[in-house]
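# Coordinate analysis (summary)
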Amino acid sequence: SNAVVMPTYGNHEADPVLKENINTWKARFSVPEGSNHSSHYAFTVGRVRFVSILTGSSHHLSPMTDESFVWLEEELKASTSNPDIKWVIPFYHVSPFSSGHSHPSNIQVREKISALLEKYNIRVVLNGHDQNYERTFPVRAIQTNASEWDFETKGDWEVLSDELDCYDADTKGIVYVKTSPGGKLSNIGGGFSYFTEKAPSYTAVREDDHHHILKVQVSDDYNDLTIQCWGIPSDASKEMVIIDEFRYTLADTCINSGAKRRYRRTHKSDLKQQHILMPSESRTAIGN
């Protein structure tokens, strides 16, 4: 079978220190014309507009330029005002909200890019980089004017909803979904990026024991968006599990089907939030 692959480039392709050539990677993919030789680009599937952005490494914005931001704002303005587009979903490699030990939050990306996304009422953003899964509550980035190489700052944020499973048209803020690794373990530790500190207040769900893949599905009328994360064990003899699932609706109310799920914690209860639904289980509440 054939599948369309639309990449978002990251630090491994763009950072000279890692000795990979982004042009070698670009030659492998056919993407629409965008900005900076299509380092940033956008495409539409049905009534969903996806925006791929090449962000920087762990602590800076490079190779994002003033020209890149001009292109991004023009793209967001056009796509969010287009009546044929129901959802605009930016996706980029480096995560602005991340609590793993290998690749923490990029505060520059959070404060500079998130401000622009918030301006155009973006609802969901997809990220990677840190080798674990982590989803935020709907949040707003607070500007702190942190410097690029300030490794200690955690930045600031405001959690705008404490709902776990479903968000409606009245929900404010952005849900950031970090999905990694898709098969490659961390160069830093040779494994997953484990959580070594208590989850920040922005974290709704996080998990660091699997490889992860994300399924993004829209309803036939494009009013509902369902996002599901599957965990793939390193041990091939074990089955895949559902790590997380939530829904976003453009309706004015958010009605969940069945009982609301509860997130059970593992034995490291102060470090790790984990919710697993086995494939054979129905969507009923899991006890703490």
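Look above for the structure.
The written sequence of each chain sets the order in which its residues are numbered from 1. Restriction of local features to residues with pLDDT of at least 70 applies here, the model being predicted, together with a cutoff of 80 or more for giving and counting side-chain atom pairs; totals for whole chains, interfaces and linings are based on all residues. Computation of side-chain values: all heavy atoms of the structure, hydrogens and water removed.

Let us look at the overall build of the chain. Of regular secondary structure, the chain possesses four helices and 13 strands. The 288 residues of the chain split such that 49% are buried. Residue contacts are defined here by distance: any two heavy atoms, one from each residue, within 4.5 Å place the two residues in contact. For the chain, the share of sequence-separated contacts (at least 6 apart) that also reach a separation of at least 24 residues comes to 70%. Reported accessibility uses the Shrake-Rupley method at a 1.4 Å probe radius. Residues are deemed covered only where the shown protein chains occlude them. Here the chain has roughly 14000 Å² of accessible surface; of this, 49% comes from carbon and sulfur atoms. A run of DSSP states H or I qualifies as a helix once it reaches four residues; a run of E qualifies as a strand once it reaches two. Both are numbered from the N-terminal end. Relative accessible area decides the class of each residue, using a 1.4 Å probe on protein chains only: under 20% of the type maximum gives buried, over 50% gives exposed, and in between gives partly exposed.

Where burial is concerned, the two faces of strand E5 (residues 133–136) agree: the one with Tyr-133 and Arg-135 and the one with Glu-134 and Thr-136 are both buried. At least two DSSP bridges between two strands are required for those strands to pair. By the bridge criterion, three bridges tie E5 to strand E9 (residues 175–179) in an arrangement that is antiparallel. In the sheet register, Glu-134 faces E9, and the bridge partner there is Lys-178. The pairing of E5 with strand E10 (residues 203–207) spans four bridges and is classified as antiparallel. Bridge pairing in E10 links Tyr-133 to Glu-207.

Attention now goes to helix H3 (residues 66–80). In an α-helix, one full turn covers 3.6 residues, which means residues spaced three or four apart are oriented alike. Between the first and last residue of a helix there are one fewer steps than residues, each counted as 1.5 Å, and that sum is the expected span. Between its terminal C-alpha atoms H3 stretches 21 Å, which fits the 21 Å expected from 15 residues at 1.5 Å a residue. Buried within H3 are the following residues: Ser-68, Trp-71, Leu-72, Glu-75, Leu-76 and Ser-79. Each buried residue of H3 lies within a common arc of 130° when the element is viewed along its axis, so the set occupies one face. For H3, the exposed residues set more than 90 degrees away from the buried face come down to Asp-66, Glu-67, Glu-74 and Lys-77. On its buried face, H3 sits against strand E1 (41–45), strand E2 (48–53), strand E3 (87–92) and helix H4 (107–119). The arc in question is traced by the directions running from the helix axis to the C-beta atoms.

As for its position among the elements, Thr-203 is in strand E10. The class of Thr-203 is buried, set by a relative accessible area of 3%. In terms of polar contacts, Thr-203 uses its side chain to reach the side chain of Glu-134, at 2.8 Å. Residues adjacent in sequence count toward polar contacts only when both atoms are side-chain atoms; beyond that, a polar contact is any pair of N or O atoms within 3.5 Å, and within protein one must be able to donate a hydrogen and the other to accept it.

Between its first and last C-alpha atoms H4 spans 18 Å; for 13 residues at 1.5 Å apiece the expected length is 18 Å, and the two agree. Of all the bends in H4, the largest measures some 30° and sits at Ile-113. Taken together, the buried positions of H4 are occupied by Ile-107, Gln-108, Val-109, Arg-110, Glu-111, Ile-113, Ser-114, Leu-116 and Leu-117. The reported bend at a residue is simply the angle between two axes, fitted to the 7 residues ending at it and to the 7 residues beginning with it.

This part is about the pattern of salt bridges. A side-chain nitrogen of Lys or Arg and a carboxyl oxygen of Asp or Glu constitute a salt bridge if their distance falls within 4 Å. Tallying each qualifying case throughout the model produces six salt bridges. With a shortest N-O distance of 2.8 Å, Glu-158 and Arg-140 are connected by a salt bridge. One end of the pair, Glu-158, is in strand E7 (residues 156–159); the other, Arg-140, is in strand E6 (residues 139–142), and 18 residues separate them in sequence. With relative accessibility at 35%, the residue Arg-140 sits in the partly exposed group.

Taken in spatial order, the four strands of this open sheet run E8-E13-E12-E11, and their pairing is mixed. Here the strands that pair on one side only, and so sit at the sheet edges, are strand E8 (166–167) and strand E11 (211–218). In this sheet, strand E13 (residues 241–249) lies alongside E8 in parallel orientation, the contact comprising two bridges. When the sheet's bridge partners are listed, Tyr-167 is paired in E13 with Tyr-248.

None of the figures reported here should be taken as evidence of function without further support.
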